[in-house]
Amino acid sequence: MSFKALMLATAMSGALFAATGARAGDLTVGFSQIGSESGWRAAETTVSKAEAKKRNINFKIADAQQKQENQIKAIRSFIAQGVDAIFLAPVVATGWDTVLKEAKEAKIPVVLLDRDIDPSGKELYLTAVTSDSVHEGKVAGEWLVKTAGGKPCNVVELQGTVGASVAANRKKGFEQGIAGASNVKIVRSQTGDFTRAKGKEVMESFIKAEGGGKNICAVYAHNDDMMVGAIQAMKEAGLKPGTEVLTVSIDAVPDIFKAMAAGEANATVELTPNMAGPAFDAIVAFKDKGTVPPKWIQTESKLYTQADNPKAIYESKKDLGY
Ligand code: AHR
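All values reported here derive from a predicted model rather than from experimental measurement.

Caption draft 1: Seen up close, the nonpolar core. If you look at the biggest cluster of nonpolar residues, it comprises 31 residues, and the most contacted ones within it are Leu158, Met203, Val219, Met234, Ile256 and Phe257. Counting residues per element, this core draws most heavily on helix H8 (residues 224-236), which supplies seven residues. Sequence-distant contacts of Met203, that is, excluding residues within four places in its chain, are made with Val156, Leu158, Ile216, Val219, Ala230, Ala233 and Met234. Residues Trp40, Ala85, Ala282 and Ile283 belong to the second largest nonpolar core, which totals 28 residues.

Caption draft 2: The arrangement of the sheet that holds strand S3 (residues 85-88) in detail. Read from one edge of the open sheet, six strands run S2-S1-S3-S4-S5-S11, paired in parallel fashion. Each edge of the open sheet carries a strand with a single partner, namely strand S2 (58-63) and strand S11 (296-298). The average undirected angle you get between the axes of adjacent strands in this sheet is 20°. With three bridges connecting them, strand S5 (residues 127-130) and S11 associate as parallel partners. Bridging from a neighbouring strand, Ala128 pairs with Trp296 of S11.

Caption draft 3: Summary view of the site of the ligand. The ligand sits among Glu37, Ser38, Trp40, Arg41, Asp114, Arg115, Val166, Arg170, Phe194, Asn223, Asp251 and Leu271. In this structure, an oxygen atom belonging to the ligand sits 2.9 Å away from a side-chain N or O atom of Arg115. Relative to its free-state accessible area of 290 Å², the ligand is covered by the protein chains to the extent of 100%. Among the elements of the structure, helix H2 (39-54) and helix H6 (165-178) are those that each provide at least two residues to the shell around the ligand. A per-class count over the shell around the ligand returns four nonpolar, two polar and six charged. Inspection of the shell around the ligand shows a minimum of three residues originating in each of domain 1 (24-130 + 273-299) and domain 2 (133-271).

Caption draft 4: Looking closely at the state of the cysteines. What the rule picks out here adds up to one disulfide. Cys153 shares a disulfide with Cys217; S-S distance 2.0 Å. In this structure the cystine formed by Cys153 and Cys217 twists about its S-S bond by roughly -85°; its chirality is therefore left-handed. Of the two residues, Cys153 is situated in strand S6 (residues 153-159) and Cys217 in the loop between helix H7 (196-209) and strand S8 (218-221); the sequence distance between them amounts to 64 residues.

Caption draft 5: Spatial organisation of the environment of Gly30. The residue Gly30 is located in strand S1 (residues 28-33) in this model. Residues Gly30 and Asn58, 28 residues apart in the sequence, show an inter-C-alpha distance of 8.5 Å. Not counting the four nearest positions on each side in its chain, Gly30 is found in contact with Lys60, Phe78, Val83, Ala85, Ile86 and Phe87.

Caption draft 6: Region of interest: the pairing of S2. For S1 and S2, the ladder comprises six bridges, and the chain directions are parallel. In the strand pairing of S2, Ser32 is matched with Ala62. Crossover connection from S1 via H2 to parallel S2: handedness right-handed.

Caption draft 7: Structural detail: the domain arrangement of the protein. Each assigned domain of the protein is listed here: domain 1 (24-130 + 273-299) and domain 2 (133-271). Contacts between the two partners involve 12 residues from domain 1, matched on the other side by 12 residues from domain 2. Interface area, domain 1 with domain 2, both sides summed: about 980 Å², of which 58% is carbon and sulfur. A per-residue breakdown of the area domain 1 buries against domain 2 is headed by Glu37, Trp40 and Arg115, which together make up 45% of the total. Applying the counting rule to domain 1 against domain 2 returns zero salt bridges. Counting across the domain 1 and domain 2 interface gives four residue pairs in polar contact (both at pLDDT 80 or more). Of the residues that constitute the side of domain 1 that touches domain 2, the class distribution is six nonpolar, two polar and four charged.

Thresholds applied
- Residues numbered from 1 in each chain as written.
- Predicted model: local features only at pLDDT ≥ 70, side-chain atom pairs only at ≥ 80, totals over all residues.
- Heavy atoms only, no water.
- Core = buried A, V, L, I, M, F, W, Y, C linked by side-chain atoms within 4.5 Å.
- Buried < 20%, exposed > 50% of the residue type's maximum accessible area, 1.4 Å probe, protein only.
- Helix = DSSP H or I, 4+ residues; strand = E, 2+ residues; numbered from the N terminus.
- Contact = heavy atoms within 4.5 Å.
- Pairing = 2+ DSSP bridges.
- Axes fitted to C-alpha atoms, helices over the stretch in contact; angles between N-to-C directions.
- Near = heavy atom within 4 Å.
- Polar contact = N/O pair within 3.5 Å; in protein donor to acceptor, adjacent residues only side chain to side chain.
- Areas by Shrake-Rupley, 256 points an atom, 1.4 Å probe, with all protein chains shown as cover.
- Nonpolar A, V, L, I, M, F, W, Y, C, P; charged D, E, K, R; others polar.
- Domains from an automatic or database assignment.
- Disulfide = S-S within 2.5 Å.
- Right-handed = clockwise from strand over helix to strand, strands pointing away.
- Buried area = accessible area lost by both parts, 1.4 Å probe.
- Salt bridge = Lys/Arg side-chain N within 4 Å of Asp/Glu carboxyl O.

In structure tokens, the structure reads:
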């Protein structure tokens, strides 16, 4: 290589390296987070902060305390501050068009994290980092059909927040998963709002309505926190979750592995709390090189059962908070 070529190559690689580093360091990203309704949500907030720090990104989080109106206010405030990008975990799927149009007019890219909005809003965000939540429900349903093994099985379902994309999708997916098994049927279904307290309260009412719980073969919960509440309700009613009553839920938070290790829960489908990592990478590449990410960055969903050494998984996750 000639001296001139060497100098050019050195300058170019230096420029590229410096440009990426400088851009990430220069970026300010605002995150409109739903709140802290579940262990998974708290873990997502913690992980997002760590991922921002790793990339030296200035990161501002607004906690909406479960209210869409607070999320809309936060987005408007981020627009007024002139942030470089906005992350949004939408509490419900509808009602975003106006505020997302405002972000678009201000040329601020929006990335959806962990939940979707209605397809009518597709043009209003850059990309969505989410799991396939229909698939999660389907995996849970198929596991139950296999585990029930042809025996009649009445299921009670604890749904997530009404209007949230993940609640509708996890319901739909589970119904698909059990569709071919006439022995497995959902006998009661109600929202527990993704919280432990509500999961417990609704499970208590299911138990009362179903002959003290003796008619319940399985509980399907749209998240682990509601299942932890339901397990408590079953134990207080003298039932044996994990043996007499099968359980399957979604998230894979440490406490469900603790319950699985104690034989009080059976299965969970993992949802990574690291949605922000891929979102930051997409924003940095977009800002730095104009790279347009795919419309959907899909995260993995993996089923864990008691056969997967839940005690070891609990030990490895508990200090990290997820
Ligand atoms: O949107 C993801 C869901 O929201 C998680 O499964 C649940 O725990 C959270 O509250």
